[in-house]
Amino acid sequence: MLATRSFKGGLHPPELKNTADKSIVDLPVPDKVILHVSQHIGAPAKPLYKITDKVDCGQVIAEPGGFVSSRIHATISGKIIGSGNFMHPFGVPSPAIVIERNPEATEPTYEEENGFNLNIEEIKTRIQDAGLVGLGGATFPTHVKLSPPETKPIDTVILNGVECEPALTSDHRLMLELPDKIISGLKLIMKVLNAKRGIIGIENNKIDAIELMAKKVEGEENIEVQPLQVKYPQGGEKQLIVAAIGKEVPSGGLPMDVGVVVQNVATAAAVADAVNCRKPLLERVVTLAGNCVKNPGNYRVRIGTTVAEFIKMAGGLKEDVPPVKVIMGGPMMGFALFDLNIPIIKGTSGILVWDKDEAKTMEQAACIRCGRCIRACPMKLLPQQLKKLVDAKKWEQADKMGILDCMECGCCAYTCPSALPLIQTFKMGKKLVMAERKKAPKK
Ligand code: SF4
Ligand code: SF4
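Conventions we followed
- Residues numbered from 1 in each chain as written.
- Chains lettered and ligands numbered in written order.
- Predicted model: local features only at pLDDT ≥ 70, side-chain atom pairs only at ≥ 80, totals over all residues.
- Near = placed C-beta within 6 Å.
- Helix = DSSP H or I, 4+ residues; strand = E, 2+ residues; numbered from the N terminus.
- Pairing = 2+ DSSP bridges.
- Domains from an automatic or database assignment.
- Contact = placed C-beta atoms within 7 Å.
- Buried ≥ 20, exposed ≤ 12 C-beta atoms within 10 Å, placed from the backbone.
- Core = buried A, V, L, I, M, F, W, Y, C linked by C-beta atoms within 7 Å.

A.B. asks: Requested: an account of the site of ligand 1, with residues and values cited.
C.D. replies: Neighbouring residues of ligand 1: 15 residues in total, closest C377, C406, C409, C411 and C412. Those elements that place two or more of their residues in the shell around ligand 1 are α12 (411-415) and α13 (422-439). With three residues, α13 is the largest single contributor of residues to the shell around ligand 1.

Okay, structure coming up:
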């Protein structure tokens, strides 16, 4: 095993990982699911059915709307009872299909075979057919990530088992409970990309997972486990690549520019299911945590289950601890929910229900030019100056200063003593800079 490594910048928020010892629990099949056609980066999927149609669990209900898009499957058997705009976790109404469960229906079964014997195109087709996207939260369609142009050969696949976001432990549990499946997925990904080397990057606060995964790859000549320093955002693709193999992805570039593809460990497990069992992405493991939750833990839940139903099936909330904030994802990169009738989507790694102590926020004040945000930024940006440019609508200058390299990790906002809304500013600023770029005449 290699020595611990890391990257420059970043910070150490409290870990809050008190569900790390909670084994994954399978939740019951919900009575209703809301399946958004946009659960991935790229074009929305196109619905294939209408209200009153009957569908079986695992059936494709929306086809990809382009190459960078993904299939959506029915995650329960039943009848379509709604279609149209429903609130999306991102806070905007967006097209979705609603299915009501048929309690008489039987659950699908999937036979296992050795998918490693398939040829590369067959493996990729099974991954695409299963509707796989990056389960770490990025939701980039997996088949697209596994199709780099011929000019960008891939020599290394890095599996991301870092899970650096505070409070989340679902990837940790997957590594402890399904290590063979994750390694099978890694081997399939390496075969597709013709990659010579596989690395599993895990932060040093998961010693049990590091030891188990290292034992599982003992004797594999081209796969190793890389322990990493505990630091946020160690799991960012660019930070992980620097830490694991010492290569720096150029500004505006992609991991494939340095011969690397990064996939999350949960995605690797789903690749194994898709290829070896032809199982579509119907469910995922979600961490449920926070002081308000009765049974914090890790739960395998059908995609499309509403957050309210998910919490209820997992045991509900404590009566005497009123919730003040509900977050989908982790506290650094997740987003606050204002409606619990929105569904778990493919990229949902956690639901946090916080009381007033956990949600304590400081009052916003003026920038005191302390420079903490600059020291914390893992992308070597100048957040304080970028904010000034965005506030002044100076898009060209913000672009030149690298706003599009901002990975929205939240390190700057976390460390800012003035509690300035830096991430919100950069999210909006990036969109507007992109719009300005599109308007500009082509040179
Ligand atoms: S949110 Fe953007 S600007 Fe702030 S620390 Fe992260 S990468 Fe840097
Ligand atoms: S951390 Fe906040 S207060 Fe300090 S320089 Fe950055 S924006 Fe200003």
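Don't stop here, the text continues.
A.B. asks: If you had to explain the sheet that holds strand β7 (residues 78-87) to someone new, which residues and values would you point to?
C.D. replies: Strand order in the open sheet made by the four strands is β2-β8-β7-β4, with antiparallel pairing throughout. For this open sheet the edge positions go to β2 (32-36) and β4 (54-55), each flanked by a neighbour on one side alone. Here β4 runs beside β7; their pairing, made up of two bridges, is antiparallel. Within the sheet, the bridge partner assigned to K54 lies in β7 and is K79.

A.B. asks: Residues and numbers for the domain arrangement of the protein, please.
C.D. replies: Domains assigned within the protein are domain 1 (118-277) and domain 2 (372-439). For domain 1 versus domain 2, the separation of C-alpha centres amounts to 28 Å. Contacts between the two partners involve six residues from domain 1, matched on the other side by seven residues from domain 2.

A.B. asks: Pulling in residues and values, what's your account of helix α6 (residues 237-245)?
C.D. replies: Most of α6 sits inside the fold, with eight of its nine residues counted as buried. As for α6, its buried residues are in contact with β9 (156-161), β10 (197-203), β11 (223-228) and β12 (260-264). Phi for G246, located one or two positions after α6, is positive at around 75 degrees.

A.B. asks: Got a sec to walk through the site of ligand 2? Specific residues and values, please.
C.D. replies: The environment of ligand 2 is made up of 14 residues, and the closest members are C367, C370, C373, Q384 and C416. Of all the secondary structure elements, the ones that give two or more residues to the shell around ligand 2 are α9 (372-376) and α10 (383-391).

A.B. asks: Requested: an account of the sheet that holds strand β6 (residues 72-73), with residues and values cited.
C.D. replies: Hydrogen bonds between backbone atoms are what pair the strands of a sheet, whose relative direction is either parallel or antiparallel. Spatial strand order, β3-β5-β6: three strands in an open sheet with antiparallel pairing. The sheet terminates laterally at β3 (46-47) and β6, the two strands that pair on one side only. Here strand β5 (residues 60-63) runs beside β6; their pairing, made up of two bridges, is antiparallel. Across the sheet, the residue bridging to V60 is H73, located in β6.

A.B. asks: Residue-level account of the environment of V390, with values.
C.D. replies: Tracing the backbone shows V390 in helix α10. Separated by 13 residues in sequence, V390 and I403 place their C-alpha atoms 9.3 Å apart. Setting aside anything within four residues of it in sequence, one finds V390 in contact with A398, T425 and G429.

A.B. asks: Run through the nonpolar core, naming residues and quoting values.
C.D. replies: With 121 residues, the main nonpolar core has I182, I189, V271 and I351 as its most contacted residues. Two domains each donate at least three residues to this core, and these are domain 1 (118-277) and domain 2 (372-439).

A.B. asks: Give a detailed account of the environment of P93, specifying residues and quantitative values.
C.D. replies: As for its position among the elements, P93 is in strand β8 (residues 93-101). Residue class for P93 comes out exposed when judged on the 10 C-beta atoms lying within 10 Å of it. Measuring from C-alpha to C-alpha, the distance between P93 and D26 comes to 29 Å, with 67 residues separating the pair along the chain. Apart from residues lying up to four places away in sequence, P93 is in contact with N85, F86, M87 and H88.

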